[in-house]
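# Geometric and topological summary
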Amino acid sequence: AVLRLQPAGLSPAGAVLAADDGGIWCTVKPGGVYKIDASGRITCINSAPSDAHVLYRDKSGRYWLGTDNNLYQFLPEKGLFVRKGTYEGRGITTITGDDDGRLYLGLFGVGLCVLDPELDKGEIMTMQQVDRPGGYLCNNWINMMCTDSEGNLWIATSSGVSMMKPKGRVFNSMGWNNLLEGKQ
């Protein structure tokens, strides 16, 4: 069966995430967050921000929602979205986390935010930090991120890939400029 989520004026689904009950959560801009249960029934979560981009579930089971400029903790059992931070840029494009509970936010056009949600503290890392010990991000336009089995953070950007070791926040950038050195 094909589920059509595109009522007039809404964009296609932007992100999907498995729900506890066999259904899925999805974002639709500017419609917000929808729940599709295992039988295919679609429910709009009316309390959701309309500029929802990305959903993430951390290792402790908490749900997170990134929008144009805000990070929310999503409490599905209550239908609540609690704003946890506001960020500059053109949207939170991707969220991932690590085994220590840190969140990594891709802030499109700004860089990477490393956030400790328990302490409510974050650090922004950018391509402009060329004098930073441990290296720097190859590009501020982050598209996607994931962690590998060793806990390294892989960051896909508009001009290449950066890998960051969370301990010490050491970067290995594999941007297109690095690959072209000496080959011009």
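So, here's what we can say about the structure. (Residues numbered from 1 in each chain as written. Predicted model: local features only at pLDDT ≥ 70, side-chain atom pairs only at ≥ 80, totals over all residues. Heavy atoms only, no water.)

## A few points about the sheet that holds strand β3 (residues 32-36)
Threshold: Strands qualify as paired when DSSP identifies two bridges or more between them. Here a helix means four or more residues in a row that DSSP labels H or I, a strand means two or more in a row labelled E, and each is numbered from the N terminus. For helices, the fitted line uses only the C-alpha atoms of the stretch in contact; every axis is such a line through C-alpha atoms, and the angle between N-to-C directions lies from 0 to 180 degrees.
The strand order across the open sheet built from four strands is β1-β2-β3-β4, with neighbouring strands paired in antiparallel fashion. Looking at strand neighbours, the two that pair on one side only are β1 (13-18) and β4 (42-45), the edges of this open sheet. The mean inter-strand angle of the sheet, taken between neighbouring strand axes irrespective of direction, is 25°. Inspection of the sheet shows β3 paired to β4 by four bridges, in the antiparallel sense. Residue lysine 35 lies in a different strand from β4, and its bridge partner there is threonine 43.

## With respect to unusual backbone geometry
Basically, it comes down to this: Burial classes: relative accessible area under 20% of the type maximum marks a residue as buried, over 50% as exposed, and values in between as partly exposed (1.4 Å probe, protein chains only).
Phi angles above zero are rare outside glycine, and aspartate 120 is one such case at about 55°. Here arginine 169, not a glycine, exhibits a phi torsion of approximately 50°, which is positive. Mapped onto the secondary structure, arginine 169 falls in the loop between β15 (160-165) and β16 (170-175). The exposure class of arginine 169 is partly exposed, given its relative accessible area of 21%.

## Description of the environment of glycine 97
Applied cut-off: Two residues form a contact once any of their heavy atoms are found within 4.5 Å.
Structurally, glycine 97 is set in strand β9 (residues 92-97). Each C-alpha atom, one on glycine 97 and one on lysine 59, is 7.6 Å from the other, the two residues being 38 residues apart in sequence. What glycine 97 contacts, discounting residues up to four positions off in sequence, is Tyr56, Arg102, Leu103, Tyr104 and Thr147.

## Considerations on the pattern of salt bridges
Rule in force here: Salt-bridge detection follows one rule: a side-chain nitrogen of Lys or Arg within 4 Å of a carboxyl oxygen of Asp or Glu.
Under the criterion given, the structure shown has nine salt bridges. Here lysine 59 and aspartate 99 are joined by a salt bridge, their closest N and O atoms 3.8 Å apart. Pair noted here: lysine 59 is in the loop between β5 (54-57) and β6 (63-66) and aspartate 99 is in the loop between β9 and β10 (103-107), with a separation of 40 residues, a long-range link. Here the two residues lysine 59 and aspartate 99 agree in accessibility, since each one is exposed. The residue arginine 102 makes a salt bridge to aspartate 100 at a minimum N-O spacing of 3.3 Å.

## So, the sheet that holds β6
The strand order β5-β6-β7-β8 describes an open sheet built from four strands, whose pairing is antiparallel. Each of the sheet's edge strands pairs with one partner strand only, and the pair in question is β5 and β8 (80-86). Ignoring which end each strand starts from, the neighbouring axes of this sheet average 25° apart. Sheet topology note: the strand β7 (residues 70-75)/β8 ladder contains six bridges and is antiparallel. Looking across to β8, one finds that glutamine 73 is bridged to valine 82.

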